[in-house]
Structure formats: C-alpha cells, structure tokens
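Chain by chain, the residues:
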Amino acid sequence: MSSYGAIGVDDNDTDPLLDDEPPRRLPPAGGVPIGRRRAISASQIGSIPSQSAATRQPYLFTGGLGLRDESLLSLHSEDDLHREHNNALRYRLYNRLDPGGEHLLQTMPDHVLPPNLFSILPFEELKDVSGKQGSIVTIFSIWNTMMGTSLLAMPWALQQAGLVLGIIIMLSMAAICFYTAYIVIESPKRLQDLSVDPLLAEFSDVCKSLFGRIGEYCAVVFSVCVLIGGVIVYWVLMSNFLYYTGAVVYESMQPNSTTIPVMENKTFTCDVYCPEQTSQWTIPQWEKQLYDAVSEMEGGETGDDSWSFDKFWTLRGTVPIYLAFALFPLMNFKSPTFFTKFNVLGTISVMYLLMFVFSKLLECGVNMDFSNPKSIHYVQLANMHFPALSGTLTLSYFIHNAVLTILRNQKHPENNARDLSIGYCLVAFCYVFIGFTFFAAFPVQRSCISDNFLNNFGAGDVLSSTARLFLLFQMITVLPLLMFLVRSQLFYAIFGQTWPGAIRVIILNVLLIAVAVGFATFYPNVGSILRYVGSISGLVYVFALPAMVYIKQSEAAGTLTPMKKYAHYGIIVIGVANLIAQFVI
C-alpha cells in the first residue's frame, strides 16, 4: 500500500484489510509501517505532514467494503463508484489501525463530519479512553444542537398561537419531529443495499440508495437551506446585539448621561416596554422595509450631514456591514476544529436565558386575565395565527441532518432511541418554559412581545445587556461552523470535494454574507425568517423524506400495513399544510 492519498492493492493482496497482520509497507514520506500501531497525541495530529493533501478525495460512502469483486478495481479510477469504494477501503484501514479511536479518524477527509463538531465536550481529554461519549454527553449534545436562536422567538410564537393551543402545538410538534428523527437514525440499519455501511451512512446516502440522485440532492439542498437560514438569523441577531451593546458603551462614555437613547419616549412597566416596531402577522412588506432601511442609512428624518454617533451606528444600516468586515476572515478557515472548543457556550447561554426569564417572572409576577378582553393582561387561549408557531417549531426541533453524526460517537448505540427521546423532552421543556414564563410575566399588551424577546428590554437593562453581549460572542464562535457545514455540503455536491480552492470558498462566503447583510438591513424579522425557513425546509427534511423512507423500507421488508402507510402519508400532509398555512392564514 501507499500513503494516505491513495492505497494500492498488489496482485497477490486481494484485500489486505481482511488480513490479521497486513504486510509492513512504509509510506513514501516515511513513518511507521502500515499494520503497526503507534500512539499519537491530539497535539501531534495537526503537525502530521500530508504530502497528498492536495489530491485527497472527499468521502461519501456508497460503494462496497472489499468483500466482493469490486475490491479488485483500480484505486486510481475517476468513476464515482470506484472513488467511493476506494474511500470506503480507506476508512476501514484507519478503523483497523485505530479501532474505536479518534486520532487517525481526525485525518479523514473533511466531508466525514466529526462527531465532536456537535459535542458539548470542549476538549478530547474529557472523553474516555476509547474516544466515545456516554449517554449523558450524547443527550446534552442533542439538546445543545437544537437549542438555537428560535429560543428568543418562542414567547412571540406562543403569543401568535394563544396560550393553550400554543402549548399543545409545542408538544405535538416535538413528538412528530422526534418520530421522524428516530426514522432517520434507524434508516441506515434497515437498508437492504449491501453497498452502504449502516455504521457510516448519512441520511443523504439512505435517500440516494432508495430514491437515486434526486433523493440525495433533495436531502442535501434542503439541509443547506436550513443552514443558510441559520446564518441569516444569526446575522440579524448579531447585528442587533452589537448595536445595543455599542449604544450602551457610547452612552456610558458621555458626561452626565442618564438616558439611554433607545429607551426614550417609552412607557415603562416592570422594566419591560413595547417596541415601536414588532413583528406582525403579515406577508413581508418589502416596500416599507426598503424605505425604512434606506431612511435609516441616510441618517433618519433629520437629514443632518454632520458627524454623529447615531448616523454612523445604525441598526439596519452600518452595523451589519461593520460585522461583515470584522467576521469575514473567520469564515475562510479550512478546518473549524478550533471553534468546536466553544460549543459548551451554547449550554451556558441557554442556562442564562432560563434564569433570566425566571428572574423576570419573580420580578413582575404573573399578569394574566382570562375573562376581560379589554384588559391589557388579557390572554387568548387560541389564536388563528398559530402557523407562526408551527413553522418556527419545525426549525426549532430540526436536528435531522446532524443526528446520525452525533450518535455515531455513542458508547452504547443500543440507547440511541432513549437518548434521542430524552433530548427532545429537554428541548420541549425549555421551549415551553421560556415561552410560557415570559408570556405569563409580560406586564403590558401581549401584542407587544417582540420576535426577539430581548428587544422588550432597553439597552440599559443590566441582565438583558449581559445576555446580548454573551450571545454575541457565542454566535461569533458558532457562525464559522455553520459556514463550514454549508461549504462542505454544497461544494461536495457540486465539485466532489469540500475545499475546491480558496478563491471559490471566498466567493461563496462573500455571497452568503451579502445575503445575510441584506436580510439584516431590509428584513430583520427573526420570527418570520424562522417560520418560512422552517416550513419550507421542514416539509422536505422533517416530514416528507423520513416518511417516504419508512414507507419504502417497510414495503421492501414486507411489513408495511395500510395503517402504517396512511399514517406516514398523514405526516407528509401535515408538512404541506404547515407550509401553505404560512401564506394563507
């Protein structure tokens, strides 16, 4: 055999991976013989030379495992089947050299997403000797991955649906999304296609095996759509957090300052106020959004050309652009490994938000009136605008494109279903707790609840200002991971490799940032972005594909009954109705 870039097969060595003691052959650049293990530390991995890195092929396994005649095919073939087969052989070699370990697997092609990309453990040293994670870490990794920006929009979404109907929808959507995610994790095991290894297959591989290239492309495209939606929402929120943080810093530097500009002319009750502009249940009014953004960039209604802080520090004008120049270098790293060290910040930020909302409940008390519609505390039990909640929840409970990666590092795979269910229960609890607690404590008309509930607090509020600053830093560390995932999936689908060159990567990042800045400037409505992205992408990846995969596999196994068939068609119908409702109700 040769080095990492390609593994040769001799005429008398039909499948060296099956031999107990493979022949010792040195790589061209030197090193230990293949077949002999050498322990290496995590710090040494990054310094290992790789002369063939430039020609390294990305990995998407759909070929054989060398157990049939395909193992004799040339490893230098350009055919897709040959390439995939060769990478499968390559994976088995690394797994043979370091079974169950993480060290050699970290040098696998970038398309194979490492499980630690979603792990809450910041350092490899915190894992056990085998490099695997137990159920507790798995559960909180699932929880941490799902608990995203939609948490800030949950009180607004609950208000759109009404208290009782909203809680019912929260729990029902959690159950549906859990079931379809369970189908995703079980689907590789039920494949009858022997060319796909169930231990390594992604859901896109399952879709390709069952539905061909169309199924694979559908899975990849709508997975990328979810990630791009996440990038847009992150940019809107980071612009918001940076703007208010900068306003606090600037105001604190002014002599004898006692007024925070963003809190002028507001009616205060229990440190909560009603913003002038809240997200309404309407189709985007692009003309008004464009006029407001241009007016703000021109300096507002005053038209003053002189320098002022308010002119050069605008929420929908300059701040999103400043953010683009500051963060663009972070988007172009070839590997996001460094940023995974900060995954634990997501857990800390969620905990802080839970305590923050609970503290406001203790401060403001419960303000709900179920009998008097004219009261400012009146609570609707149900509201016809409930699709705002169902669309948002589709994205909030979305983990389907990452769940197999997370569970692949599970020490006890037999507990996957249990750990996934516990993770979903924790997420549902957090969403209900945040939504209900803020909703119950809100002391003015609930139509004032913003789609980012931190906007209901002025920049001078200490707790909310701390939350903004902390979330800003946390999102800055997560954004490169989102960009990496978008780049990996998109470029592999187009070019067959995850890093097709720095120029193409830079062009893609510029386009993505331009789109994000555009939304942050002209349509910074977090709730609406979440529900539209969730309902569109969720229809395919959460509802349709898992249900169709289940029907197809059950039909092939002879276990499909009419009841199961119609029930899973019903899941698809729910996804279609959820999408249509976003525009017609």
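Just so we're clear, the structure is a prediction, and the values are computed from it rather than from any experiment. (Residues numbered from 1 in each chain as written. Predicted model: local features only at pLDDT ≥ 70, side-chain atom pairs only at ≥ 80, totals over all residues. Heavy atoms only, no water.)

## Regarding the overall build of the protein
Okay, step 1: When helices and strands are tallied, the protein shows 19 helices and zero strands.
Okay, step 2: Expressed as a percentage of its 585 residues, the buried residues of the protein come to 53%.
Okay, step 3: Accessible area of the protein: about 26200 Å², with a carbon and sulfur share of 64%. (Helix = DSSP H or I, 4+ residues; strand = E, 2+ residues; numbered from the N terminus. Buried < 20%, exposed > 50% of the residue type's maximum accessible area, 1.4 Å probe, protein only. Areas by Shrake-Rupley, 256 points an atom, 1.4 Å probe, with all protein chains shown as cover.)

## Things to note about the environment of G460
Okay, step 1: As for its placement among the helices and strands, G460 is situated in the loop between α15 (416-441) and α16 (462-495).
Okay, step 2: Residue class for G460 comes out partly exposed when judged on its relative accessible area of 42%.
Okay, step 3: For the pair G460 and V248, spaced 212 residues apart in sequence, the C-alpha separation works out to 6.6 Å.

## Description of the confidence of the model for the protein
Okay, step 1: With 70% of its residues at a pLDDT of 70 or more, the protein shows a mean pLDDT of 77.
Okay, step 2: Mean pLDDT values over the elements of the protein span from 39, in helix α1 (residues 42-45), up to 97, in helix α5 (residues 163-186).
Okay, step 3: Low pLDDT (under 50) marks residues 82-112, which in the prediction has 97 contacts with non-local residues, meaning those over four places away or in another chain.
Okay, step 4: The model gives residues 261-268 a pLDDT under 50, and that stretch makes 15 contacts with residues more than four places away or in other chains. (pLDDT = per-residue confidence, 0-100. Contact = heavy atoms within 4.5 Å.)

## Side note on the packing of aromatic side chains
Okay, step 1: The full count for this structure, using the stated rule, is 21 aromatic pairs.
Okay, step 2: Look at Y243 and Y244: their rings are 5.2 Å apart centre to centre, the planes differ by 75°, and that puts the pair in the edge-to-face class.
Okay, step 3: Y243 gets classed as buried once you look at its relative accessible area, which sits at 16%.
Okay, step 4: Plain terms: the ring middles of F356 and F457 are 5.2 Å apart, the flat faces sit at 70° to each other, and that makes the pair edge-to-face. With F356 in helix α12 (residues 344-364) and F457 in the loop between α15 and α16, the pair connects residues that are 101 residues apart, well separated along the chain. (Phe/Tyr/Trp six-rings, centres within 6.5 Å; stacked < 30°, edge-to-face > 60°.)

## Structural notes on a nonpolar patch on the surface
Okay, step 1: On the surface, M384, I536, V576, I580, F583, V584 and I585 cluster together into a nonpolar patch covering about 630 Å² of accessible area.
Okay, step 2: By residue number, the principal contributor to the nonpolar patch is helix α19 (residues 562-584), which donates four residues. (Patch = residues over 30% accessible without salt bridge, like charges linked within 9 Å, V, L, I, M, F, W, Y side chains within 5 Å. Salt bridge = Lys/Arg side-chain N within 4 Å of Asp/Glu carboxyl O.)

## Some remarks on the state of the cysteines
Okay, step 1: For the coordinates displayed, the defined rule picks out one disulfide.
Okay, step 2: Shown here is the disulfide that connects C274 with C448, its sulfur atoms set 2.0 Å apart. As the torsion about the S-S bond is roughly -85°, the C274-C448 disulfide counts as left-handed. Linking C274 in the loop between α7 (213-252) and α8 (286-297) with C448 in the loop between α15 and α16, this pair joins segments that are 174 residues apart in sequence.
Okay, step 3: Free cysteine: C207, not disulfide-bonded; nearest cysteine sulfur from C218 at 8.2 Å.
Okay, step 4: Take C218: its relative accessible area is 29%, and that puts it in the partly exposed class. (Disulfide = S-S within 2.5 Å.)

## A closer look at helix α13 (residues 387-396)
Okay, step 1: The element α13 is extensively covered by neighbouring structure, given that 10 of its 10 residues are classed as buried.
Okay, step 2: Buried within α13 are the following residues: P387, A388, L389, S390, G391, T392, L393, T394, L395 and S396.

## Points about the environment of L330
Okay, step 1: As for its placement among the helices and strands, L330 is situated in the loop between α10 (319-327) and α11 (337-340).
Okay, step 2: C-alpha separation for the pair L330 and T477, spaced 147 residues apart in sequence, amounts to 9.0 Å.
Okay, step 3: Those residues in contact with L330 that sit more than four places away from it in its chain are F339, I476 and P480.

## Details of the packing of helix α4 (residues 150-161) against helix α18 (residues 526-557)
Okay, step 1: Packing of α4 against α18 brings their axes to within 10 Å, and their N-to-C directions diverge by 100°. The pairing of α4 with α18 is recorded here as roughly perpendicular in orientation. In this structure, α4 contributes S150, A153 and W156 to the contact, and α18 contributes G527, S528, L530 and R531.
Okay, step 2: Tallied by class, the residues present in the contact of α4 with α18 amount to three nonpolar, three polar and one charged. (Axes fitted to C-alpha atoms, helices over the stretch in contact; angles between N-to-C directions. Parallel < 35°, antiparallel > 145°, perpendicular 65-115°, else oblique. Nonpolar A, V, L, I, M, F, W, Y, C, P; charged D, E, K, R; others polar.)

## Some thoughts on the nonpolar core
Okay, step 1: Residues F203, W235, M238, Y397, F453 and L479 are the most contacted members of the largest nonpolar core, which totals 112 residues.
Okay, step 2: Sorting elements by how many residues they give to this core places α7 first, with 14 residues.
Okay, step 3: Discounting chain neighbours no more than four positions away, the residues touching M238 are L323, L327, L472, M475, I476 and L479.
Okay, step 4: By size, the runner-up hydrophobic cluster in this structure holds six residues, among which are Y243, Y244, F309 and W313. (Core = buried A, V, L, I, M, F, W, Y, C linked by side-chain atoms within 4.5 Å.)

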